[in-house]
Amino acid sequence: MRDIFFCIDGHTAGNPVRLVAGAAPLLAGATMAERRTDFMARYDWIRTALCFEPRGHDMMSGGFLYPPTLPDTDAGVLFIETSGCLPMCGHGSIGILTFGIEHGLIRPRVPGRLRIEVPAGLLEVDYHVEGERVASVRIRNVPSYVAAEGIAIDVPGLGPLSVDVAYGGNYYAIVEPQGAYRGLDALGAARLIELSRAVREQVRAAFQPVHPLEPSIGGVSHVLWADAPRGEGAHGRNAVFYGEKAIDRSPCGTGTSARLAHLHASGRLKTGEAFVHESYIGSRFIGRVEAETTVGDFKGIVPSIEGSAIATGFNTIWVDRRDPFWAGFQVV
């Protein structure tokens with residue numbers, strides 16, 4: 001038996017995005033959160049087949065477009081990546097919406113604007129077109145907040161750290177420079193991956209967040225190592241760890257949202273202020289605290305992230321059950 005998936009491949013700020021434009025499975029559920037639950041229960045093999053080796057790699061991510069569940073929205077998006085079927089993915093949203101608009105898969109009701117349903121909630125989107133290209137996408141993300149502060153851990157080979165946890169569509173353990181962590185360049189990517197596994201494991205042992213309004217979202221999935229900016233005009237830099245050995249090549253959209261909530265909660269970023277966020281490779285998103293809000297009993301913010309994506313080609317992928325690696329594999 002052979003399953004065939006037509007994909008548009010590309011990247012957002014350097015991190016891969018694979019829009020699965022053909023053969024999205026029909027899902028049960030009245031919301032995108034319910035559809036996500038159904039996908040994980042019945043179709044997670046599609047995620048592993050398309051994201052893991054030999055058809056993907058450790059950084060692979062992407063998603064599907066679905067009809068919306070609400071009458072005043074333009075589309076629904078379901079995300080897949082090596083680390084799972086995420087509630088929200090910022091760089092993935094920018095890429096999927098860019099490719100969808102450029103190839104006629106999304107027909108906006110209002111040109112230049114979209115309302116998009118994702119498992120984590122509703123996105124308000126503005127985009128700018130230059131010729132036949134979507135030059136930029138600005139996403140007003142789901143409400144974000146700080147879930148915990150001052151979690152004390154002791155990482156072998158690095159020492160004691162104080163870690164905060166913030167939500168920006170996924171939960172992030174945020175590590176700012178302190179103690180033996182002097183910055184990203186002092187460690188390097190390979191060392192960051194090694195240390196991130198230990199950080200995430202210890203934070204998970206100490207704290208298990210659950211979203212106060214959507215109980216299907218929970219657990220610390222990512223580690224954000226914060227640093228001072230390198231380039232002129234930027235306000236911060238980061239390396240985001242996800243999966244088992246991936247460093248986000250983009251500044252990470254949900255990670256930027258979590259960082260904005262973190263900085264706002266500590267008084268370092270005001271409502272209305274922009275925050276230019278650099279990735280590990282120097283690409284940038286523009287973040288902004290759009291408004292203050294609440295998330296259940298927590299004080300939070302409404303963040304926005306702006307960036308651009310580039311489509312690199314079409315990719316028709318076969319998943320043949322005669323292939324011993326039809327469901328994909330990882331070498332950790």
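Use the structure listed above.
The paragraphs below set out a description of the structure included in this document. The structure displayed is predicted, hence computed values, not measured ones.

What counts, and where the lines are drawn
Residues numbered from 1 in each chain as written. Predicted model: local features only at pLDDT ≥ 70, side-chain atom pairs only at ≥ 80, totals over all residues. Heavy atoms only, no water. Phe/Tyr/Trp six-rings, centres within 6.5 Å; stacked < 30°, edge-to-face > 60°. Helix = DSSP H or I, 4+ residues; strand = E, 2+ residues; numbered from the N terminus. Buried < 20%, exposed > 50% of the residue type's maximum accessible area, 1.4 Å probe, protein only. Lys NZ or Arg CZ within 6 Å of the ring centre and 35° of its normal. Contact = heavy atoms within 4.5 Å. Axes fitted to C-alpha atoms, helices over the stretch in contact; angles between N-to-C directions. Parallel < 35°, antiparallel > 145°, perpendicular 65-115°, else oblique. Nonpolar A, V, L, I, M, F, W, Y, C, P; charged D, E, K, R; others polar. Expected span 1.5 Å × (residues − 1). Salt bridge = Lys/Arg side-chain N within 4 Å of Asp/Glu carboxyl O. 1 Å grid on protein atoms, 1.4 Å probe; cavity = no way out; pocket = protein on both sides within 12 Å on 5 of 7 lines; lining within 4 Å. Points joined across faces, edges and corners; volume = space filled by probe spheres on them. Core = buried A, V, L, I, M, F, W, Y, C linked by side-chain atoms within 4.5 Å.

1. Some remarks on the packing of aromatic side chains
- Scanning the entire structure with this criterion turns up 12 aromatic pairs.
- Aromatic side chains F39 and F64 sit 5.7 Å apart centroid to centroid with 55° between the ring planes, which places their arrangement in the tilted category. A residue pair is termed long-range when its members are at least 10 positions apart, and F39 in helix 1 (residues 32–42) and F64 in strand 3 (residues 61–66) qualify at 25 residues.
- Residue F39 is classed as buried on the basis of its relative accessible area of 0%.
- Feature note: the residues F39, Y43, F64 and Y66 constitute an aromatic cluster, connected by ring pairs.
- Geometry around W326 places R321 over its ring, the cationic atom sitting 4.0 Å from the centre.

2. Let's talk about the side chain of T48
- By the secondary structure assignment, T48 is in helix 2 (residues 44–51).
- Once residues lying within four places of it in the same chain are set aside, the contact partners of T48 are A327 and G328.

3. Let's talk about the packing of helix 1 against helix 2
- At their nearest, the axes of helix 1 and helix 2 sit 5 Å apart, and the two run at 75° to each other. For the element pair helix 1 / helix 2, the angle class is roughly perpendicular. Listed contacts from helix 2 to F39, M40 and R42 of helix 1 are D44, W45, I46 and R47.
- Among the residues making up the contact of helix 1 with helix 2, the classes are represented as four nonpolar, no polar and three charged.

4. Topic: helix 5 (residues 189–206)
- Taking 1.5 Å of rise per residue, the 18 residues of helix 5 would be expected to cover 26 Å, and the 25 Å separating its terminal C-alpha atoms lies within 8% of that figure.
- Along helix 5, the positions that sit buried rather than exposed are L192, I193, L195, S196, A198, V199, R200 and V203.

5. Structural notes on the pattern of salt bridges
- Under the criterion given, the structure shown has 21 salt bridges.
- As a salt-bridge pair, R109 and D74 come within 3.2 Å of each other at their nearest N and O atoms. A residue pair is termed long-range when its members are at least 10 positions apart, and R109 in the loop between helix 3 (90–102) and strand 5 (113–118) and D74 in the loop between strand 3 and strand 4 (75–81) qualify at 35 residues.
- Residue D185 pairs with R230 through a salt bridge whose shortest N-O separation is 2.8 Å. Of the two residues, D185 sits in helix 4 (residues 184–187) while R230 sits in the loop between strand 11 (220–227) and strand 12 (236–242), which places them 45 residues apart along the sequence.
- Salt bridges sharing common partners tie together R2, D320 and R322.

6. Re unusual backbone geometry
- Across the junction of E53 and P54, the peptide omega takes the value 5°, indicating a cis bond.
- Mapped onto the fold, P54 is located in the loop between helix 2 and strand 3.
- Here the phi dihedral of A23 falls at roughly 80°; this positive angle occurs in a residue that is not glycine.
- Structurally, A23 can be placed in the loop between strand 2 (15–20) and helix 1.
- Residue C252 is not a glycine yet carries a positive backbone phi of 75°.
- Locating C252 in the fold gives a position in the loop between strand 13 (246–247) and helix 6 (253–265).

7. As for empty space enclosed by the protein
- The tally for this structure, following the rule as stated, stands at one cavity of 30 Å³ or more.
- Approximately 70 Å³ is the volume attributed to the largest cavity.
- If you trace the largest cavity, you find 14 residues lining it, with E81, C89, H91, D248 and C252 closest to the centre.
- Elements with a minimum of two residues in the lining of the largest cavity: helix 3 and helix 6.
- Split into classes, the residues belonging to the lining of the largest cavity amount to six nonpolar, six polar and two charged.

8. Description of the nonpolar core
- Counting residues in each nonpolar core, the largest one holds 61 residues, and the members touching the most others are I116, L161, V199, V203 and W225.
- Other than its neighbours up to four places away in sequence, V199 contacts I153, V155, L161, A173, V175, V223 and W225.
- Counting 21 residues, the second largest nonpolar core, distinct from the first, contains F5, W45, Y66 and I317.

9. A word on the environment of P87
- With respect to the helices, strands and loops of the structure, P87 is situated in the loop between strand 4 and helix 3.
- Judged by relative accessible area, P87 falls into the buried class, the value being 5%.
- Expressed as a C-alpha distance, the spacing of P87 and M32, which sit 55 residues apart in the sequence, is 9.0 Å.
- Contact partners of P87, with chain neighbours within four places excluded, come to R36, F79, V118, P119, A120, G169, N170 and I217.

10. A short note on the layout of surface pockets
- Counted as a void, the largest pocket has a volume near 300 Å³.
- Of the residues contributing to the lining of the largest pocket, the split by class is six nonpolar, 10 polar and four charged.
- In terms of lining residues, the second largest pocket is bounded by 13 residues, among which A261, H264, A265, K299 and G300 are the most central.
- The set of elements that each furnish at least two residues to the lining of the second largest pocket consists of strand 8 (144–155), helix 6, strand 15 (284–295) and strand 16 (298–307).
- Here the lining of the second largest pocket is built from residues that sort into six nonpolar, four polar and three charged.

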